[in-house]
Amino acid sequence: MENLKLLIPVMATSIVDMMEKWSVMSSSGEVEIEVSEWFQNLTEDIITRTAFGSSYEDGKAVFRLQAQQMAFVTEAFQKVSIPGYRFLPTKRNINSWKLDKQIRKSLMKLIDRRVENSNSGENVHEKCPKDLLGLMIQASNSSPSSNITVNDIVEECKSFFFAGKDTTSNLLTWTTVLLAMHPQWQIQARDEVLMVCGSRDIPSKDDVVKLKTLNMVLNESLRLYPPAIATIRRSRTDVELGGYNVPRGTELLIPIIAVHHDQSIWGNDAKEFNPSRFAEGVARAAKRPVAFIPFGLGVRTCIGQNLALLQAKLALAIMLQRFSFRLAPTYQHAPTVLMLLHPQYGAPIIFQRLPHHDQGQDQDQDRNQGP
Ligand code: HEM
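What counts, and where the lines are drawn
Residues numbered from 1 in each chain as written. Predicted model: local features only at pLDDT ≥ 70, side-chain atom pairs only at ≥ 80, totals over all residues. Heavy atoms only, no water. UniProt positions renumbered as here; feature names shortened; annotations may be inferred. Helix = DSSP H or I, 4+ residues; strand = E, 2+ residues; numbered from the N terminus. Near = heavy atom within 4 Å. Polar contact = N/O pair within 3.5 Å; in protein donor to acceptor, adjacent residues only side chain to side chain. Nonpolar A, V, L, I, M, F, W, Y, C, P; charged D, E, K, R; others polar. Contact = heavy atoms within 4.5 Å. Phe/Tyr/Trp six-rings, centres within 6.5 Å; stacked < 30°, edge-to-face > 60°. Buried < 20%, exposed > 50% of the residue type's maximum accessible area, 1.4 Å probe, protein only. Lys NZ or Arg CZ within 6 Å of the ring centre and 35° of its normal. Pairing = 2+ DSSP bridges. Axes fitted to C-alpha atoms, helices over the stretch in contact; angles between N-to-C directions. Core = buried A, V, L, I, M, F, W, Y, C linked by side-chain atoms within 4.5 Å. Parallel < 35°, antiparallel > 145°, perpendicular 65-115°, else oblique. Left-handed = near helix turned anticlockwise from the far one by under 90°. Expected span 1.5 Å × (residues − 1).

Enquirer: Can you explain the UniProt feature "binding site: heme" (unreviewed entry) in the chain? Please cite residues and give values.
Expert: The UniProt entry lists Cys302 under the feature "binding site: heme" (unreviewed entry), expressed in the numbering used here. Position of Cys302 among the secondary structure elements: in the loop between α12 (263-266) and α13 (305-322).

Enquirer: Can you lay out the site of the ligand for me, pointing to particular residues and giving the numbers?
Expert: Within the structure, the ligand sits among 23 residues, and Thr231, Arg233, Leu297, Arg300 and Cys302 are positioned closest to it. For the ligand, an oxygen atom lies 2.5 Å from a polar atom in the side chain of Thr231. The separation between an oxygen atom of the ligand and a polar main-chain atom of Leu297 is 3.0 Å. It is helix α7 (residues 150-181) that contributes the most residues to the shell around the ligand, 6 residues altogether. Of the residues assigned to the shell around the ligand, the class counts are 14 nonpolar, 7 polar and 2 charged.

Enquirer: Tell me what's going on with the environment of Thr231, and back it up with residues and numbers.
Expert: By the element assignment, Thr231 lies in strand β2 (residues 231-234). On a C-alpha basis, the gap between Thr231 and Ala71 in space is 21 Å, while along the polypeptide they are 160 residues apart. Thr231 has contacts with Leu252, Leu253, Ile254 and Ile256, leaving out every residue within four places of it along the chain.

Enquirer: Quick one: what's the story with the packing of aromatic side chains, residue by residue and with numbers?
Expert: In the structure shown here, the tally under the stated rule is 10 aromatic pairs. Taken together, a centroid distance of 4.6 Å and an interplanar angle of 50° make the contact between Trp22 and Phe351 tilted. One end of the pair, Trp22, is in helix α2 (residues 8-25); the other, Phe351, is in strand β9 (residues 348-353), and 329 residues separate them in sequence. Here Trp22 and Phe351 have matching classes, each one buried. Taken together through their ring pairs, the aromatic side chains of Trp22, Trp38, Phe39, Phe323, Phe325 and Phe351 make up a single cluster. Arg223 extends its terminal NZ or CZ atom over the ring of Trp266, reaching a point 5.1 Å from the ring centre.

Enquirer: Can you tell me about the pairing of strand β1 (residues 30-34), naming the residues and giving the values?
Expert: Because side chains alternate across β1, one face comprises the buried residues Val31 and Ile33, and the other comprises Glu30, Glu32 and Glu34, none of which is buried. Pairing of β1 with β9, which is carried by 5 bridges, proceeds in the antiparallel orientation. Following the sheet pairing, Glu34 is matched in β9 by Pro348.

Enquirer: Tell me about the sheet that holds β9, and name the residues and values.
Expert: Spatial strand order, β1-β9-β6: 3 strands in an open sheet with antiparallel pairing. Both outer strands of the open sheet, β1 and β6 (323-327), are each paired with one neighbouring strand and no more. Put simply, the sheet's adjacent strands are angled 30° from each other on average, direction ignored. Along the sheet, helix α3 (residues 35-52) makes contact with β1 and β9, crossing β1 at roughly 70°.

Enquirer: So what about the nonpolar core? Which residues, and what values?
Expert: Counting residues in hydrophobic clusters, the biggest one holds 85 residues, and the most contacted among them are Ile15, Trp22, Trp266 and Phe351. What Trp22 contacts, discounting residues up to four positions off in sequence, is Val31, Ile33, Val35, Trp38, Phe39, Met319, Phe323 and Phe351.

Enquirer: Now, about the packing of helix α6 (residues 132-141) against α7: what can you tell me, with residues and values included?
Expert: Between α6 and α7, whose axes approach to 11 Å, the crossing angle comes to 155°. Classed by the angle they form, the pair α6 and α7 counts as roughly antiparallel. Pair α6 / α7 crosses with right-handed handedness. Note on element contacts: α7 touches α6 through Ile153, Glu156, Cys157 and Phe160, opposite Leu132, Leu133, Met136, Ile137 and Ser140. Residue classes in the contact of α6 with α7 are distributed as 7 nonpolar, 1 polar and 1 charged.

Enquirer: I'd like to hear about α13, residue by residue, with values.
Expert: With 18 residues, α13 ought to run about 26 Å at 1.5 Å a step, and its terminal C-alpha atoms sit 26 Å apart, in line with that. With respect to burial, α13 is a largely interior element, 16 of its 18 residues being buried.

Enquirer: Explain unusual backbone geometry to me, and be specific about the residues and the numbers.
Expert: With a phi angle near 70°, Met339 is a residue other than glycine that sits in the positive phi range. Take Met339: it is sitting in the loop between β7 (335-338) and β8 (340-343). Relative accessible area serves as the criterion here: at 27%, Met339 is assigned to the partly exposed category.

Following this line, the structure appears as structure tokens:
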């Protein structure tokens, strides 16, 4: 977590860049923005910086290829699945195989270059946030018996992008939609941000932990609209579970979204947005302590959850400092599953610049320009 917090300035650069663009777009007062697309670009940028750090430009090129690969997967997901079809040399499959080869080759090249640099002692700065690639190269070099191969590193880089980009952007999208639908919570969250870090400062690592309302809002958003709606386990032995005999090798689907909406666990208001239920912490929010599982559970729980939450808190806090927002009249509430839970018709939101932020900017400009 400490290493993650060193990434705050890295993340803030991408977030502030996006906010500056929104400010220009809303120069006449307000602007309608389809946030889900913007958040996808934002999380892609942040995950690239986090994974590749000093190799950002090369990493970005690889992740662009992977985004194309993900588009193929999503397209295939929408079609009826015919067993064995993915092995046939169709045009789409050939393109997808070519892309996979290209991704692997570029990643191998990038890793080789970084290994050479680390061996020659380049890019070693005290207190510098370590990127995922650097950490994995370090781990693979740490002892002669280490069995992490370059192939493992390539696969980890790919799954980092696949697992971390759209999940986090969906969390940001749903939370923005919920805050737009519930202005009283938006005001409460903004008041807290302004009290903790003022109207202009980027929240520090100490500030982030003080944003209790935002934390409750994010939890409630993850409860109602968990980006990953289910996860799977396979039983390793015959087992009795809740009175049922489950034979070895059975695949069990854990329906995260159904557990999160279950009235017998969350009470009669299970379908409503009520962040206060998290006021006493996650374990006390429901009748059962493990009812809240947006990041899965047990040993295979999501490894990126702290990164995702830090990123989401930072982005929302900076957004609340600068804008108030409401749903656009064209918004249609239609959560739908396309691998992840996302808004079927997008999320158009109207953003209005806050005067206190503009005043701060004017004062800064006055100071910069001199008398
Ligand atoms: C809001 C954001 C996110 C959500 C809702 C989410 C959700 C999940 C869920 C439900 C699982 C399955 C856990 C299980 O079966 O118990 C998972 C696994 C995983 N997630 Fe995330 N995730 C998010 C962000 C991220 C990020 C940012 C990264 C990486 C940068 C990441 C990397 C992974 C990986 C590598 C796994 C597989 C872990 C394993 O199998 O050991 N996730 N995530």
